Amino acid sequence: MGNAELHSIHVHPVKAFRALSLREAVVEPWGLAGDRRWVLIDDGGKVVTQRQQPRLALAAAELLPGGGVRLSAPGREPLTVLVPRPVGTTSLDLFGDKVEAVLADAGAHAWCSDYLGTEVRLLHMDDPATRRPVDPDYARPGETVSFADGYPLLVTTLASLDALNSLIAQGDHADEGPLPMNRFRPNVVVAGTTAWAEDGWRRIVIGEVGFRVPKMCGRCVVTTTDQDTARRGKEPLRTLGRHRRFGSQLVFGQNLVPESPGTVRIGDPVTVLE
């Protein structure tokens, strides 16, 4: 693969909020440290993401020591939310998975509800080692995941984004491109590959950390949401539908499951084992 290396690292402290870019990150079994340990739910207990609320793209969460977050959003005073004491759990529905998590304090619910204009509650995953198994069709025994869509990490490559943007430029909605990588909300972005090289990966090493590549990442309407304005368009789903359809899924990027703990850093070499 040549001189492939880790180009950037991103965590999303609250699921569906803006990504936070880091120079390095600790890899835990269920994902990058601090990634998607908090989530919003509606009054029926279903998870709320940019699928229903594009404005979440404009909300940010800064990681605090100890796992808390400092929330900020347009027109709102920032709010510090500490990790709640695990005095009991609340059941939530994450795309059909029933997951137990701990409610944040009432002030956090009010802040998020006021911003979105609808009743939501903020929850914290207290014990990611036990709360949510990875899809058993693709998991090994004991593998778990945070509040990410399905897998501990998502990897994308710069070469594939360039190739996708070239295809968008030839299509009916060329004015929407080129798209930035944040549309795809990856955890790790790799430079120095060929376009779509990641389609063939089964195991990779980033720096000192090994990863299994269980399946491609199917994409949804969130990718059509401008992460800087919260406005929606047609791309990249229109182009992915024409050029990157695998079965019923429109694919960009690969899911990852860590095989070992460690730390990844920008500039780390990326090696394909199989």
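Just above, that's the structure.
Keep in mind that this is a model prediction, so the values were computed, not measured.

Rules and cut-offs
- Residues numbered from 1 in each chain as written.
- Predicted model: local features only at pLDDT ≥ 70, side-chain atom pairs only at ≥ 80, totals over all residues.
- Heavy atoms only, no water.
- Helix = DSSP H or I, 4+ residues; strand = E, 2+ residues; numbered from the N terminus.
- Rg over C-alpha atoms; globule rule 2.2 N^0.38 Å.
- Buried < 20%, exposed > 50% of the residue type's maximum accessible area, 1.4 Å probe, protein only.
- Areas by Shrake-Rupley, 256 points an atom, 1.4 Å probe, with all protein chains shown as cover.
- Lys, Arg positive; Asp, Glu negative; His and termini not counted.
- Charge placed at Lys NZ, Arg CZ, Asp CG, Glu CD.
- Pairing = 2+ DSSP bridges.
- Phe/Tyr/Trp six-rings, centres within 6.5 Å; stacked < 30°, edge-to-face > 60°.
- Lys NZ or Arg CZ within 6 Å of the ring centre and 35° of its normal.

Visitor: Honestly, the overall build of the protein chain in this entry has me stumped. Any pointers?
Guide: Check the secondary structure of the protein chain and you find three helices and 21 strands. Relative to the globule expectation of 19 Å for 274 residues, the C-alpha radius of gyration of the protein chain, 18 Å, shows essentially globular dimensions. The principal-axis extent of the C-alpha atoms belonging to the protein chain is close to 50 × 40 × 35 Å. Per-residue burial for the protein chain yields a buried fraction of 51% across its 274 residues. By element, 50% of the accessible surface of the protein chain is carried by carbon and sulfur atoms, the whole surface being about 11,900 Å². Placing the 31 positive and 33 negative side-chain charges of the protein chain at their respective mean positions leaves the two points 3 Å apart.

Visitor: I tried to follow the sheet that holds strand β4 (residues 31-32) on my own but got confused; where do I start?
Guide: Where strands meet in a sheet, backbone hydrogen bonds hold them as pairs that are either parallel or antiparallel. Ordered by their spatial adjacency, three strands build an open sheet running β4-β3-β20, and the pairing between neighbours is antiparallel. Sheet topology places β4 and β20 (262-265) at the edges, where each strand pairs with a single neighbour. Across two bridges, strand β3 (residues 24-28) lies against β4 in antiparallel orientation. Paired with V27 across the bridge in β4 is L32.

Visitor: Any chance you could explain the packing of aromatic side chains here in plain terms?
Guide: A ring pair, where both rings are aromatic, is described by two values, the distance of the centres and the angle of the planes. As enumerated under the stated definition, the model contains four aromatic pairs in all. Taking 6.0 Å as the distance between ring centres and 90° as the angle between the ring planes, the aromatic pair formed by W196 and F252 counts as edge-to-face. Here F252 lies in strand β19 (residues 249-258) and W196 lies in the loop between β14 (188-191) and β15 (203-206), a separation of 56 residues in the sequence. F252 matches W196 in its accessibility class, with the two residues each being buried. Aromatic ring contacts, followed pair by pair, group F184, W196 and F252 into a single cluster. Positioned over the ring face of Y138 is K215, at 5.6 Å from the centre of the ring. Over the face of the ring belonging to W196 we find R244, whose NZ or CZ atom lies 3.9 Å from the ring centre.

Visitor: What is the right way to look at the sheet that holds strand β6 (residues 47-48) in this model?
Guide: Read from one edge of the open sheet, five strands run β6-β5-β12-β11-β10, paired in antiparallel fashion. Edge positions in the sheet fall to β6 and β10 (90-94), since each has one partner strand and no second. Taken together, the two bridges between strand β11 (residues 97-103) and strand β12 (residues 120-124) define a ladder with antiparallel strand orientation. Within β12, the position partnered with V102 by the bridge is H124.

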